[in-house]
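Commentary on secondary and tertiary structure
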Amino acid sequence: MVRRFSSTTRFFQPASRSIFFFNMSTLDMNTPSHEECTCSSSVKSTPEIEKNFVHRVYDAIAPHFSSTRFAKWPKVAAFLNSLTPGSVILDAGCGNGKYLGLNPDCFYIGCDISPSLIEICAKRDHEVLVADAVNLPYRDNFGDASISIAVLHHLSTEMRRRKAIEELVRVVKKGGLVLITVWAVEQEDKSLLAKWTPLFTKYDDEWVDQSISPTRNQSNINLERIPETEVVLQGLEDENQLMNGKPSSGISESGDNTQQEYFVPWHLPYHRAEVSGASAVAVENGFAKKDDKKGAVVYNRYYHVFAEGELQRLVSGINNAAVVDQFYDKSNWCIVLKKT
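Below is a summary of the structure that appears in this document.

About the criteria used
- Residues numbered from 1 in each chain as written.
- Predicted model: local features only at pLDDT ≥ 70, side-chain atom pairs only at ≥ 80, totals over all residues.
- Heavy atoms only, no water.
- Helix = DSSP H or I, 4+ residues; strand = E, 2+ residues; numbered from the N terminus.
- Buried < 20%, exposed > 50% of the residue type's maximum accessible area, 1.4 Å probe, protein only.
- Contact = heavy atoms within 4.5 Å.
- Areas by Shrake-Rupley, 256 points an atom, 1.4 Å probe, with all protein chains shown as cover.
- Lys, Arg positive; Asp, Glu negative; His and termini not counted.
- Salt bridge = Lys/Arg side-chain N within 4 Å of Asp/Glu carboxyl O.
- Arc of directions from axis to C-beta.
- Pairing = 2+ DSSP bridges.
- Axes fitted to C-alpha atoms, helices over the stretch in contact; angles between N-to-C directions.
- Nonpolar A, V, L, I, M, F, W, Y, C, P; charged D, E, K, R; others polar.
- Phe/Tyr/Trp six-rings, centres within 6.5 Å; stacked < 30°, edge-to-face > 60°.
- Lys NZ or Arg CZ within 6 Å of the ring centre and 35° of its normal.

So, on to the overall build of the protein. Looking only at helices and strands, one finds 10 helices and 13 strands in the protein. Across the 340 residues that make up the protein, the buried fraction comes to 53%. Taking contacts inside the protein between residues at least 6 apart in sequence as the whole, the part at least 24 apart equals 73%. Entry remark: accessible area of the protein is about 15,400 Å², with carbon and sulfur atoms responsible for 51%.

Tracing the sequence through the fold places R161 in helix α5 (residues 158-170). The side chain of R161 sits in the buried core without any salt bridge; E310 is the nearest counter-charge, 4.4 Å away. Non-local contacts of R161, meaning those with residues more than four positions away in its chain, are made with L152, L155, S156, Y302, H304, F306, E310 and L314.

To continue, consider helix α3 (residues 74-81). Regarding α3, the residues found buried are V76, A77, F79 and L80. End-on view of α3: buried residues confined to an arc of 160 degrees, all on one side of the axis.

Burial of strand β6 (residues 143-149) is extensive: six of the seven residues sit out of reach of the surface. With six bridges joining them, β6 and strand β7 (residues 172-183) adopt parallel strand pairing. Looking at the pairing, S148 lines up with I180 of β7.

As a further point, take the sheet that holds strand β9 (residues 261-269). Read across the open sheet, the four strands follow the order β8-β9-β11-β10; overall the sheet is antiparallel. Of all the strands in the sheet, just β8 (197-198) and β10 (289-291) have a single pairing partner and so form its edges. With nine bridges joining them, β9 and strand β11 (residues 296-304) adopt antiparallel strand pairing. Bridged to P269 within β11 is A296. Packed on one face of the sheet, helix α2 (residues 48-68) meets β9 and β11 and runs near 120 degrees to β11.

Moving on, we come to the packing of α2 against helix α4 (residues 115-123). When two helices pack together, their arrangement is given by the angle between the helix axes and by the axis-to-axis distance. Packing of α2 against α4 brings their axes to within 7 Å, and their N-to-C directions diverge by 35 degrees. Between α2 and α4, the residues in contact are Y58, D59, A62, P63, F65 and S66 and P115, S116, L117 and I120, respectively. Residue classes in the contact of α2 with α4 are distributed as seven nonpolar, two polar and one charged.

Going through the model one piece at a time under the given rule, you end up with eight aromatic pairs. Measuring from centroid to centroid gives 5.4 Å for Y138 and F142, while their planes differ by 40 degrees, and the two rings are tilted. Taking relative accessible area as the criterion, F142 reaches 8% and is therefore assigned buried. The structure contains a cluster of three or more aromatic residues connected by ring pairs, namely W183, W196, Y262 and Y303. The lysine or arginine in question, K75, covers the ring of F327, its NZ or CZ lying 5.0 Å from the ring centre.

This is the structure in structure tokens:
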């Protein structure tokens, strides 16, 4: 049985760092001083696409999402069970906390950007708080391991994805391990791709910093242009901007012809949508739509799916991290790092 921490404050950065403290009714943020900012404001500032198509969505679907997230991935479980008894583990992007406490001989701390998911974790008696993956509120070198399971693909720029990896490395001790998993372009079930909506080139141009030239590795599978299905764009605040162009062929500015930016639908059954008023508000404001045929409110989640070698390329720029394992598992690219 895992003992509760007598005081988790020892793991946190000073209050000057961006910390989102979880409270059942409110959320507070302490703004960092200029001197202590560890990354540029453009990286720390959450893009609108993430606010609208990640944060809003998971807050709205949290209870239903949580009810579907109970099975543990064998590779993640094997990693956690391999850790030394007494290890302190951070789960960044813990969702409903299904991995918290998996290895009963270790101590766990979790965080997620969604207050609704963190509330579920808190009710299960986990040590959790609301925090941004690109600016974790934990002290340097406090943990023995950190994990990021199916999180990085929700970050919309390469700089933010790299910063999130740097944060996972920063918070573990020298010799500590980091496990990261992300959705792959190379899906085992190719039929899933037809259910996803490829993003418009024009929209891509709006949220990616124009001073950065995006570079993406060529996938070993050349995907054909994906037909527009499950499109949920009508009524969005930026509808006119989104609809001014034709669907992207998937060719990026770097000349890569692999489509990597998608909206992936989540169908929230009507009987689950009535649990809270969030869905009604989302439909009214155009952030979701009703699908009477399927009896569900449909939300779109933003994904940047990773091409083969992309995780390794992101890690290659981090001086104090070495790759100790990398593998493909059930349509996910996975990597294990060791802090040097």
